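What follows is each chain in one-letter form.
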Amino acid sequence: MHLPIWYAAWEYECCGPSLEPGAELSVNLVLEGFTAEPTDRGQPLGWRAAESGAVEFVADFGRREPYPRADFGGISSAVDGPVQTGRFQGTGFLWHRAHEDFGIGEPYRVVVRRVCCARQILQRTDSRTVQVTGHERPTEIGGADDCPPPADFVLMAEVVSHGR
């Protein structure tokens, strides 16, 4: 299974692994920035990559301590945002998160197949604050050094294993 995994530039600068094709990483994923609507239980669980760098998914959402979870059928992820219980379909972004205050859950072992760069869309909110409001369409690059700021990385990665 190939997934687009968003990787914030500051995480790479802080403690980034080699972001090159063929690199093997252990990543914790958070589904964030998603929209979802309830769907019937007959819809099969799973996700697939969308061209935008998002994932289209059908998942069982539920509050499981110590953090909300999305179960995609055999694999699961933490969820950043309000979560209702039940089966939902929608679109969202899978972000690697190494620095969070809540537990992330089971890591994914992945092999990087392609590295893309997505320039940030910035908006000034006041005289001192600039906020990221979105990203341009990801474009493939040779490695992390080819991604000019302000931008984030999108790794197209193959999931090797999940869980402890």
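Residues numbered from 1 in each chain as written. Predicted model: local features only at pLDDT ≥ 70, side-chain atom pairs only at ≥ 80, totals over all residues. Heavy atoms only, no water.

### Concerning the overall build of the protein
Using the following cut-off: Each helix is a run of DSSP H or I of at least 4 residues and each strand a run of E of at least 2, with the numbering of both proceeding from the N terminus. For this measure, only C-alpha atoms enter the radius of gyration; the expected value for a globule follows 2.2 Å times N^0.38, where N is the number of residues. Think of it in three bands: residues with accessible area under 20% of the maximum for their type are buried, residues over 50% are exposed, and the middle band is partly exposed, with areas taken using a 1.4 Å probe on protein chains only. Counted as positive: Lys and Arg. Counted as negative: Asp and Glu. His and the chain ends are not counted at all. Note that the charge is assigned to NZ on lysines, CZ on arginines, CG on aspartates and CD on glutamates.
The number of helices and strands found in the protein is one helix and 12 strands. Starting at the N terminus and walking to the C terminus, you meet the elements of the protein as β-α-β-β-β-β-β-β-β-β-β-β-β. For 164 residues, the compact-globule formula gives about 15 Å, and the C-alpha radius of gyration of the protein, at 16 Å, lands near that figure. Projected onto the principal axes, the alpha-carbon positions of the protein cover approximately 45 × 40 × 30 Å. When the 164 residues of the protein are sorted by exposure, 45% land in the buried category. In the protein, which carries 15 positive and 23 negative side-chain charges, the distance between the mean positions of the two groups comes to 3 Å.

### With respect to the packing of aromatic side chains
Here is the rule we go by: Only rings of Phe, Tyr and Trp enter the pairing, Trp through its six-membered ring, and a pair is recorded when the two centres are within 6.5 Å. The plane angle decides the type: under 30 degrees is stacked, over 60 is edge-to-face, the rest tilted.
All chains considered together, the criterion is met by eight aromatic pairs. Between Trp-6 and Phe-93 the ring centres are 5.5 Å apart and the planes differ by 85°, which places this aromatic pair in the edge-to-face class. Of this pair, Trp-6 sits in strand E1 (residues 2-7) while Phe-93 sits in strand E8 (residues 86-96), and the two are 87 residues apart along the sequence. For Trp-6, a relative accessible area of 1% translates into the label buried. Overall, Phe-93 belongs to the partly exposed group, its relative accessible area being 26%. One aromatic cluster is present, built from ring pairs that chain together Phe-34, Trp-47, Phe-57, Phe-61, Phe-72 and Phe-88.

### A look at the state of the cysteines
To be explicit about the condition: Sulfur atoms of two cysteines make up a disulfide when they are within 2.5 Å.
Tallied over the full model, the rule gives one disulfide. Between the sulfur atoms of Cys-117 and its disulfide partner Cys-147 the distance amounts to 2.1 Å. Handedness of the Cys-117-Cys-147 disulfide follows from its S-S torsion of about 75°: it is right-handed. Taken as a pair, Cys-117 in strand E9 (residues 108-124) and Cys-147 in the loop between strand E11 (139-141) and strand E12 (151-162) lie far apart in primary sequence, 30 residues in all. The exposure classification of Cys-117 matches that of Cys-147, with both residues buried. The structure places no disulfide on Cys-116, whose sulfur is separated from the nearest cysteine sulfur, that of Cys-117, by 8.8 Å.

So far we have only geometry, and geometry alone does not tell us how the molecule works.
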